[in-house]
Amino acid sequence: MTNTPPMTLETMPSLPDALVEGAALVVAHPDDEVLWFGSIAARAQSLIVCFEDSGNAAHTARGRRRVSEAFPRPARWLRLNEPRTWRRTSWNDPTYTPHGLQATDPQTDQRVAETFAQLVEILERELAGATAVFTHNPWGEYGHADHALVHAAVRTVATARELPLLCPLIASLTSVRALRRQQAAWGSPMRADVDIEFCERVRSLYVTHGVWTWDEQWNFWTRDVFAPVQVGSGTVPASAIRWVRGFLDREYPEHVEDRAVLDSSQA
Ligand SMILES: [Zn+2]
């Protein structure tokens, strides 16, 4: 066996412009478009944002509505209610369902199934003109089951239409087990420069309206990494994954014991 050097950001091919220009970008929450898709959020042919009302803070829907009215590019805001999966996923022993990731209680699973059905129906129309689609990965990047649900819905429609489907290679201590249990064959990762100016402009809009859900000090990556999802199963190239670390050290201290798992994945 020959030893091929691990792929790095420097040796990775660039995402072709033509792929982005005809593509739809589908994100779960308002702000996901710049957090995980900053290289394509401004230039994808269409941007579809699924959720508006978080169901737990009255100001969220109002603030998100204002952001949508001032957003610096055309977008389709579906304004669905969030299925409220946050902290209702067994990240230490995750199970995939046809709708994303199984929740810890049947009520949440019910909401997820209903939202999935709603979303598939809408996306069958909304993705009609797209030549490719970008969305969340199966384990929801840092570990958000709303993202996993959106992935499952988009994948259902993209598979039926034979549309190329690409996801960001992002994971965290919380989601690393779900990453390992995912069922997809991954094509070669590709990099793309993040449009920092656009991301900062959008972040300040969310901050102004009190609905930036992430760390205000978050430094946008300078480059994204995407890989095409294919039918089959296979591992995700660990060297291509962007790890969200600090977030979990703060939010999920009980998972820090898994650092060895994370470190071995990065090796
Ligand atoms: Zn999100």
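Residues numbered from 1 in each chain as written. Predicted model: local features only at pLDDT ≥ 70, side-chain atom pairs only at ≥ 80, totals over all residues.

- With an unreviewed UniProt entry as reference, the chain is termed PIG-L family deacetylase, source organism Nannocystis radixulma.

1. Comments concerning the environment of arginine 201
Moving on, step 1. Tracing the sequence through the fold places arginine 201 in helix α7 (residues 196-208).
Moving on, step 2. When the C-alpha atoms of arginine 201 and valine 34 are compared, they prove to be 9.8 Å apart, with 167 residues separating the residues in sequence. (Helix = DSSP H or I, 4+ residues; strand = E, 2+ residues; numbered from the N terminus.)

2. Here we look at the pairing of strand β1 (residues 23-27)
Moving on, step 1. Among the five residues of β1, five are classified as buried, and the element is accordingly described as predominantly covered.
Moving on, step 2. The alternating pattern of β1 places Ala23, Leu25 and Val27 and Ala24 and Val26 on opposite faces, both of which are buried.
Moving on, step 3. Sheet topology places β1 next to strand β2 (residues 46-51); four bridges connect them, and they run parallel. What sits directly across from valine 26, in β2, is isoleucine 48. (Buried ≥ 20, exposed ≤ 12 C-beta atoms within 10 Å, placed from the backbone. Pairing = 2+ DSSP bridges.)

3. Quick word on the confidence of the model for the chain
Moving on, step 1. Chain-level pLDDT for the chain is 89 on average; 89% of the residues reach the 70-or-more range.
Moving on, step 2. pLDDT under 50 marks residues 248-267. Its contacts with residues more than four places away, or in other chains, come to 20 contacts. (pLDDT = per-residue confidence, 0-100. Contact = placed C-beta atoms within 7 Å.)

4. Some thoughts on the environment of isoleucine 40
Moving on, step 1. Residue placement: isoleucine 40 occurs in the loop between α2 (32-35) and β2.
Moving on, step 2. Taking the C-beta count within 10 Å as the criterion, isoleucine 40 has 25 such neighbours and is therefore assigned buried.
Moving on, step 3. Residues isoleucine 40 and aspartate 193, 153 residues apart in the sequence, show an inter-C-alpha distance of 8.6 Å.

5. Quick look at helix α3 (residues 58-70)
Moving on, step 1. Among the residues making up α3, those that are buried are Thr60, Gly63, Arg64 and Val67. The arc that holds the buried residues of α3, viewed along the axis, is 100°, so those residues lie on one side. Away from its buried face by more than 90 degrees, α3 exposes Ala58 and Glu69. (Arc of directions from axis to C-beta.)

6. Details of the pairing of strand β7 (residues 165-168)
Moving on, step 1. Side chains of β7 alternate between two faces, with Leu165 and Cys167 and Leu166 and Pro168 buried alike.
Moving on, step 2. By the bridge criterion, two bridges tie strand β6 (residues 132-135) to β7 in an arrangement that is parallel. Paired with valine 133 across the strands is leucine 165, a residue of β7.
Moving on, step 3. Read from β6 through helix α5 (residues 145-161) to β7, the crossover connection turns out right-handed. (Right-handed = clockwise from strand over helix to strand, strands pointing away.)

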